[in-house]
Amino acid sequence: MTTTAPSRQVSLAEKVYQRCLNIDCAATYDVGEVRTKCGACGDLLDVVYDWSRLPVPKRLSDMEAMWARRHEPLRFSGVWRFHELLPFAPPERVITVGEGQTLLQQADFVSRYVGLRPGQLYLQYEGMNPSGSFKDNGMCAAFTHAHMVGAKRAACASTGNTSASLAMYCAVTQLMRAIIFIGSGKISYGKLSQALEYGALTVQIAGDFDDAMARVQEISKALGIYLVNSVNPFRLEGQKTVMFRVLEALRWEVPDWIVVPGGNLGNSSAFGKAFLELKELGLISKVPRLAVINAAGADTLDVLYNQRNLRWNRGRPRMETACWYYDELDRSKTKADTIASAIEINRPVNLKKCLRALDVCDGVVRKVSDQEILDAKAQVGAGGIGCEPASAASVAGAKLLRQQGVIGYEDRVVCILTGHQLKDPTATVAYHTTDQDKFEEVLGSRGVTRASYANRAIAVPNDVEAIIKAIQLYS
Ligand SMILES: *Cc1c(COP(=O)(O)O)cnc(C)c1O
Ligand SMILES: [Zn+2]
């Protein structure tokens, strides 16, 4: 499916284009073309800028001036405030619902859990986005592109947060109809309820997430529907701004570590691209190290990176290593399985871009168990910021890397909390209320045998004296 941009975008086309990630192909496409992969070789596409022809800030601190213009929708947005660093759309075409008003919080309670010196752990809480997850950062960019090219319908397959985000943008702007594809496997109620309430056309397929993903690609092609799945390169442009906001909150000092959960690997890829570009532009002098954390039940990146030594290899990664591994998964009928539904993905579509990010940021990859994820989640909550299970993988991963001595006691570490606690209340309530011997049954998850930080309700008779006694005993 190829649509040509309206003529008013043509001048932009010389400064911004899409380019194939395969350096032996490097085919380019107009910024106004709608495609999800390279037409010549099938590889992923990147959005590329000719910075020499674009107005780039001289110092990152120049971006602070945008705060003074918060009455303008373009600058109110925590994404478009950095428009100069993702200038693929003319400012007057940009769409925002106020995404990216997020928080970097110094989290001393959680830093003790992770094993860092007090003051050194920061949580970047992307659950504060309008639809409750970091996905809004990318969706406003993809949605802007969809609108630029005149789309009337947009579709995605999703484990939940992408569809919630798309449905929200469609509902707030009334510019497009959202069509979302879900499988019949795990999807959290918080996320599904959003898509339904925002009025998205919701198609539930009798199959799993991989089936939903395959169908949405075929159907959007057949019907000419704009696809906003993770393969959409414009989403990553929006997600770069999570890093810009982290730097901004640290007064433009680069931290030692960024720790992020890895599912389809869009976030990690976008972070790597952000630092690559900032370095190219001379806006930073050092790049942080990146840690990407898989769930043990969906550990493709960990296997490929740590066991099979798959690397960026100067732009020529041996992707057949991944193909062989996927064949093995098929033969053994292995499906991704983790309580962290947002990262329950075995074939990460942005794998190759993530390898680039790991290369740029001298990265490491780890996996953590559902037990570690849920315990970390409870500690994040006890520290005052709730998050959904997938998000807590970052904190569990930081703790593991600290134990292994990879992250030092004095290092300054930023963990990305990707989604809001209320996205998945089922997991939270189950953790705090379930009897030890019933965990596997209730959580439907292998290997979770205890709730180390459960905060249980205390049962009391309907009697003032008994209640007073109980409160005095427990407080
Ligand atoms: C989508 C999502 C992830 C995974 O991010 P990727 O960019 O696909 O790696 C992690 N956490 C939450 C809450 C998500 O919604
Ligand atoms: Zn190509």
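Quick caveat: nothing in here was measured; it's all calculated off a predicted structure.

## Some remarks on the overall build of the chain
Along the chain, the regular secondary structure elements total 17 helices and 13 strands. What you see for the chain is a C-alpha radius of gyration of 22 Å, in line with the 23 Å of a compact globule of 475 residues. Across its three principal axes, the chain shows a C-alpha extent of roughly 75 × 50 × 45 Å. The 475 residues of the chain split such that 59% are buried. A total accessible area of about 19400 Å² is found for the chain, and carbon and sulfur atoms account for 50% of it. Here the chain carries 55 positive and 50 negative side-chain charges, and the mean point of each set is 4 Å from the other.

## What to know about the sheet that holds strand E8 (residues 201-204)
Paired through their backbone hydrogen bonds, the strands of a sheet run either parallel or antiparallel. Within the open sheet, the four strands sit side by side as E8-E7-E6-E9. Their pairing is parallel. Edge positions in the sheet fall to E8 and strand E9 (226-227), since each has one partner strand and no second. The strands touched by helix H5 (residues 161-173) within the sheet are strand E6 (153-157) and strand E7 (177-182), with E7 carrying the most contacts at an inclination of about 165°. Helix H7 (residues 209-223) contacts E6, E7 and E9 of the sheet and is inclined by roughly 160° relative to E6.

## Considering helix H10 (residues 300-307)
Burial analysis of H10 places six of its eight residues in the buried class, which makes it a mostly covered element. Turning to H10, its buried residues are Thr300, Leu301, Asp302, Val303, Leu304 and Tyr305. Residues of H10 that are buried sit in contact with strand E11 (289-295), helix H11 (320-331), helix H12 (351-360) and strand E12 (364-368). Once H10 finishes, Asn309 follows within two positions and takes phi at roughly 55°, a positive value.

## A short note on the packing of aromatic side chains
Two aromatic rings, taken as a pair, are described by how far apart their centres are and by the angle between their planes. Taken as a whole, this structure holds seven aromatic pairs when the rule is applied. Taken together, a centroid distance of 4.7 Å and an interplanar angle of 35° make the contact between Tyr49 and Trp51 tilted. The exposure classification of Tyr49 matches that of Trp51, with both residues buried. Arranged with centres 5.8 Å apart and planes meeting at 40°, the rings of Phe143 and Tyr169 form a pair that is tilted. With Phe143 in helix H4 (residues 135-148) and Tyr169 in helix H5, this residue pair connects regions lying 26 residues apart in the sequence. For Tyr169, a relative accessible area of 0% corresponds to the buried category. Three or more aromatic residues link up through ring pairs in this structure, and these residues are Trp80, Phe88 and Phe234. We note Arg35 situated over the ring of Tyr29; from NZ or CZ to the ring centre the distance is 4.3 Å.

## Re the coordination of the zinc ion (ligand 2)
Summarising the metal site, the zinc ion (ligand 2) is bound by the protein donors Cys20 (SG), Cys25 (SG), Cys38 (SG) and Cys41 (SG), whose distances to it range over 2.3 to 2.4 Å. Of note is the zinc ion (ligand 2), whose four donor atoms meet at the metal with angles of 92 to 116° in an arrangement that counts as tetrahedral. Sequence spacing of the donor residues for the zinc ion (ligand 2), all on one chain, is C-x4-C-x12-C-x2-C. Looking at Cys41, the relative accessible area reads 38%, which means it is partly exposed.

## Comments concerning the pairing of E7
Where burial is concerned, most of E7 is hidden: five out of the six residues are buried. Running through H5, the crossover from E6 to the neighbouring parallel element E7 is right-handed. The pairing of E7 with E8 spans four bridges and is classified as parallel. Bridging across to E8, Ile179 finds its partner in Leu201.

## Brief notes about the site of ligand 1
Surrounding ligand 1, one finds 16 residues, the nearest of these being Lys135, Asn161, Gly263, Asn264 and Thr418. A distance of 2.8 Å separates an oxygen atom of ligand 1 from a polar backbone atom of Asn267. Within the side chain of Thr418, a nitrogen or oxygen atom sits 2.7 Å from a nitrogen atom of ligand 1. Contact with the protein chains covers 96% of the free accessible surface of ligand 1, which is 380 Å². Of the residues contributing to the shell around ligand 1, the split by class is six nonpolar, eight polar and two charged.

## Comments concerning the pattern of salt bridges
By the definition in use, this model includes 27 salt bridges. Across the pair Arg69 and Glu72 runs a salt bridge whose closest N-O atoms are separated by 3.1 Å. With a relative accessible area of 25%, Glu72 lands in the partly exposed category. The partner of Glu84 in a salt bridge is Arg75, and the shortest N-O contact between them spans 3.0 Å. One exposure class covers both Glu84 and Arg75, and it is buried. Salt bridges here are not isolated pairs; linked through shared partners, they connect Glu237, Lys240, Lys273 and Glu277.

## Observations concerning the domain arrangement of the chain
Much of the literature gives interface size as the accessible area that the parts lose upon coming together. Entries for the chain in the domain assignment read domain 1 (12-89), domain 2 (103-131 + 236-438) and domain 3 (135-231). One C-alpha centre belongs to domain 2, the other to domain 3, and the line joining them spans 23 Å. Listed as interface residues are 25 residues of domain 2 and, on the opposing side, 20 residues of domain 3. For the pair domain 2 and domain 3, the summed buried surface comes to about 1800 Å²; carbon and sulfur atoms form 45% of the total. It is Ser131, Ser341 and Lys423 in domain 2 that bury the most area against domain 3; as a group they hold 29% of the surface buried on that side. The tally of links from domain 2 across to domain 3 stands at one salt bridge. One salt bridge in this structure joins Lys191 and Glu388, with 2.7 Å as the shortest N-O distance.

Procedures and definitions
Residues numbered from 1 in each chain as written. Chains lettered and ligands numbered in written order. Predicted model: local features only at pLDDT ≥ 70, side-chain atom pairs only at ≥ 80, totals over all residues. Heavy atoms only, no water. Helix = DSSP H or I, 4+ residues; strand = E, 2+ residues; numbered from the N terminus. Rg over C-alpha atoms; globule rule 2.2 N^0.38 Å. Buried < 20%, exposed > 50% of the residue type's maximum accessible area, 1.4 Å probe, protein only. Areas by Shrake-Rupley, 256 points an atom, 1.4 Å probe, with all protein chains shown as cover. Lys, Arg positive; Asp, Glu negative; His and termini not counted. Charge placed at Lys NZ, Arg CZ, Asp CG, Glu CD. Pairing = 2+ DSSP bridges. Contact = heavy atoms within 4.5 Å. Axes fitted to C-alpha atoms, helices over the stretch in contact; angles between N-to-C directions. Phe/Tyr/Trp six-rings, centres within 6.5 Å; stacked < 30°, edge-to-face > 60°. Lys NZ or Arg CZ within 6 Å of the ring centre and 35° of its normal. Donors = N, O, S within 2.8 Å, 3.2 Å for Na, K, Ca; no water. Tetrahedral: all angles 85-135°; square planar, octahedral: opposite > 155°, others 65-115°. Right-handed = clockwise from strand over helix to strand, strands pointing away. Near = heavy atom within 4 Å. Polar contact = N/O pair within 3.5 Å; in protein donor to acceptor, adjacent residues only side chain to side chain. Nonpolar A, V, L, I, M, F, W, Y, C, P; charged D, E, K, R; others polar. Salt bridge = Lys/Arg side-chain N within 4 Å of Asp/Glu carboxyl O. Domains from an automatic or database assignment. Buried area = accessible area lost by both parts, 1.4 Å probe.

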